[in-house]
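Coordinates in review
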Number of protein chains: 2
Amino acid sequence: MTNKKKITIKDIANVLNISAAAVSKALHDDSRISEKTKKAVRQVAKNLNYQPNHLASALRSGKSKLVGVIVPRTNSNFFSSVIQNIEEVLNKKGYNIIITQSNESYKKECDSIDALLFTQVDGIIASMANETVDLSYYEKIKSKGIPLVLFDRGENDLNVDYIGIDDYKSSKIIVEHLVEQGCKRIAHIGGFKRTRIYNNRIKGYIDTLKKYNLPLDQELLIETNLSIENGRKKMLQLLNIKNRPDAVYVAGDYAVLGALQVLNENNIKVPEEIALVGFGNEPFTDMLTPKITSVNQHSEKIGKLAAETFLNHIKKKTVTQELNKQILDAELIVRDSSYKNKTSLK
Amino acid sequence: MTNKKKITIKDIANVLNISAAAVSKALHDDSRISEKTKKAVRQVAKNLNYQPNHLASALRSGKSKLVGVIVPRTNSNFFSSVIQNIEEVLNKKGYNIIITQSNESYKKECDSIDALLFTQVDGIIASMANETVDLSYYEKIKSKGIPLVLFDRGENDLNVDYIGIDDYKSSKIIVEHLVEQGCKRIAHIGGFKRTRIYNNRIKGYIDTLKKYNLPLDQELLIETNLSIENGRKKMLQLLNIKNRPDAVYVAGDYAVLGALQVLNENNIKVPEEIALVGFGNEPFTDMLTPKITSVNQHSEKIGKLAAETFLNHIKKKTVTQELNKQILDAELIVRDSSYKNKTSLK
DNA sequence: TATATTTGCTTAATCGTTTAAGCAAATATA
DNA sequence: TATATTTGCTTAAACGATTAAGCAAATATA
């Protein structure tokens, strides 16, 4: 029953009375092997149900054909979609991917990097944990000469390829949209400034407020990790200040969900009393009452670009990496939570 | 800058003027190597920043220390949590995991299996795609003698280890809860019968209805894939029958979300007019208005058990696999959507 | 003291593939 | 016809670790 003996190129070679080297070359479509032999080899390989030993070829060639992917978590639509697209592109080129979750923990991220390096991955595509400030582990990847591509949460200081959206511009579009809706006191529940993308969103928020001569109230600008719980907490905090905001732009969909819960629980009308905008366009933003305006981060495109960027690296064989930012325009999806005109969007 | 040369055991051997074999043995704490030499080897290994070449040892030993995990998708809390726990247990034993998503597609699942076999994984832990009926690809895994552990969506016909919850009993608990709330016409939007877990849920639903002498109306029992869209469609279908149900038990949280949207849009009061129960205890069930009653599937425990079951297989070196079901009791989390007593659960 | 056992290493083969180097036969070029 | 090139393979050495077999020196046993 169990297919005991493993078939190797030697077995194929024996059948055809040629050398193992010839078989290897035939299977790789080497130009120095006759078409006739190639056909015969392929046929025998099929008959014997030959499966190449990936470990052997990886050892010999020094290429494992594995790519490591590190994400803060997989259970968000953004990351799972990015991963799916990375996989799609890389599978076509014969790569498999190893996914690891950092759970926003710096320690777990370091462990993941060690594990991936140990597995001899040919490259790493990563989005950093919220906690990560020390970049030495990422430097370790670079120093080993392993291609590193960052997306979404990246650090320019590393001088590696980066793919992400234009966070500054996204904030600008969001604030302008809220201004159009007649909002005058726009709050921002943002991520931590130390993370570049959140810093850019904060900058975009501040600059656009200035542009429209709106109050830049320090009470209205909050930094936090963007969990649901903190979304709730920070929204409550905003409700408790004397001069409440009439709009809240939250830099993450999970946090905006927490914020909405608090507003619903306190019977505050959204968007009439307080308009709400999230970030990430997670599917659930379209499922809540009211549906939440959010920003589509083009996860498909980011995933594809990340994979292609890695492939380019491999092709070019450039040892030196340099900062190469690919910035996409995000797209604001306006839904009920921020649309005050008479006719509902529903 | 770039650490060009890779350090091998040979380099360590050269420094100490001993053979590579001695180094290998020293690093594996072989009893035939003197404590003195071991210490020296460890020290030099550290100094040179030696990283064992996983591919070489994997090739020689025939063990890749990689485990493949196949899930329908990673962006559900259930699967991502299972994965996280599998990873935790296996990492401790020196294994890394390769995660692949089938996206509920049979073809993608087959491709994943091929890719994992190609990568020479030491085992596969999987939850089947909705589409999967043909088990020949899973037989392929078995026939290669690679340990296979199934969870959640498994097929007894494969006669391999299986970890899941007691679906029949879960349905029983749900229906009894609804009966307690005074519901008389309980509908079930279920998964496809061909998938064992959904079949068991359907059976539990039917049997419990019988037990309480409730009508077993064919109009009230619907099979579907449990997407949000189908949750909407099937709920609409239920609303359009002459004698509407007063409770709907949906076999998946995404579908129950769609159902709730439809009820909200039609201003049908939940749970007063129609009570609603989901399955899976996805975090969003706790975030909607009203919060949805759902079933906790113990993803943490399932993940841990799956990993441990794989490890046991490796330890026992049993070539033959046999059906070994580990069934956990699920837990009903009662929330507003099905709780009709005066005092809200909020 | 002679023999047996243990200790601490070395040598060399091996895992399955890739690949540089080489060589004879076939074909092209002069 | 003589020489150069191309074609189609073979041989053998890697890749980096593990491991069976073996051997000399140290230690134990009789």
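Residues numbered from 1 in each chain as written. Chains lettered and ligands numbered in written order. Predicted model: local features only at pLDDT ≥ 70, side-chain atom pairs only at ≥ 80, totals over all residues. Heavy atoms only, no water.

**Re the nonpolar core**
Taken as a class, soluble globular proteins show a tendency for nonpolar side chains to be buried jointly. Test applied: Nonpolar cores are built from buried Ala, Val, Leu, Ile, Met, Phe, Trp, Tyr and Cys residues. Side-chain atoms within 4.5 Å join them into one set. Relative accessibility under 20% of the residue-type maximum defines a buried residue, over 50% an exposed one, and the middle range a partly exposed one, all with a 1.4 Å probe and only protein chains included. Here, two residues are considered to be in contact whenever any of their heavy atoms come within 4.5 Å of each other.
The biggest cluster of nonpolar side chains holds 185 residues, and the ones touching the most others in it are Leu 90 and Ile 125 of chain A together with Leu 90 and Ile 125 of chain B. Once residues within four sequence positions are removed from consideration, Leu 90 of chain B is found in contact with Val 67, Tyr 95, Ile 97, Ile 125, Ala 307, Phe 310 and Leu 311 of chain B.

**Focus on the domain arrangement of chain A**
Residues and elements named next belong to chain A. Threshold: Start and end points for every domain follow an automatic or database-based domain assignment. Summed over both partners, buried area is the accessible surface (1.4 Å probe) that two parts give up on being assembled. Salt bridges are defined by distance alone: a side-chain nitrogen of Lys or Arg within 4 Å of a carboxyl oxygen of Asp or Glu. We define a polar contact as two N or O atoms separated by no more than 3.5 Å, with the added condition that, inside protein, one atom must be a possible hydrogen donor and the other a possible acceptor, whereas residues neighbouring each other in sequence contribute only through side-chain atom pairs. Strands here mean DSSP runs of E at least two residues long; helices mean DSSP runs of H or I at least four residues long; both are numbered from the N terminus. In this count, Pro and Cys sit with the nonpolar residues alongside Ala, Val, Leu, Ile, Met, Phe, Trp and Tyr, while Asp, Glu, Lys and Arg are called charged and the others, Gly among them, polar.
Partitioning chain A into structural domains gives domain 1 (9-52), domain 2 (63-164 + 298-329) and domain 3 (167-297 + 332-338). Spacing between the C-alpha centres of domain 2 and domain 3 amounts to 29 Å. The interface of domain 2 with domain 3 comprises 19 residues on the first partner and 11 residues on the second. The junction of domain 2 with domain 3 conceals about 1,400 Å² of combined surface from both sides, 39% of it contributed by carbon and sulfur atoms. Its salt-bridge partner being Arg 196, residue Asp 157 comes within 3.5 Å of it at the nearest N-O pair. Summed over the shared surface of domain 2 and domain 3, the number is eight residue pairs in polar contact (both at pLDDT 80 or more). Only α5 (77-92) and α12 (299-316) provide two or more residues apiece to the side of domain 2 that touches domain 3. Per-class residue counts for the side of domain 2 that touches domain 3 are four nonpolar, eight polar and seven charged.

**Description of the interface of chain B and chain A**
In this assembly, 46 residues from chain B lie in contact with 47 residues from chain A. Surface buried jointly by chain B and chain A totals about 4,300 Å² across both partners, of which 57% is contributed by carbon and sulfur atoms. Between the two partners, chain B and chain A, sit two salt bridges. Measuring nitrogen to oxygen at the nearest pair gives 3.8 Å for the salt bridge that ties Lys 108 of chain B to Glu 87 of chain A.

**So, the sheet that holds strand β9 (residues 275-277) of chain B**
Residues and elements named next belong to chain B. Rule in force here: Strand pairing follows a simple DSSP-based rule, namely that at least 2 bridges must link the two strands. With axes taken as lines fitted to C-alpha atoms, and helix axes fitted only over the stretch in contact, angles between N-to-C directions fall between 0 and 180 degrees.
Pairing is parallel across the open sheet formed by four strands, whose spatial order is β7-β6-β8-β9. The open sheet terminates on both sides in strands that have one partner only, identified here as β7 (221-223) and β9. Put simply, the sheet's adjacent strands are angled 15° from each other on average, direction ignored. Note: strand β6 (residues 186-190) against strand β8 (residues 247-250), four bridges, orientation parallel. Residue pairing for β8: His 188 is matched across the bridge by Tyr 249. The sheet contacts of helix α8 (residues 167-180) involve β6, β8 and β9, and relative to β8 the element is tilted by about 165°.

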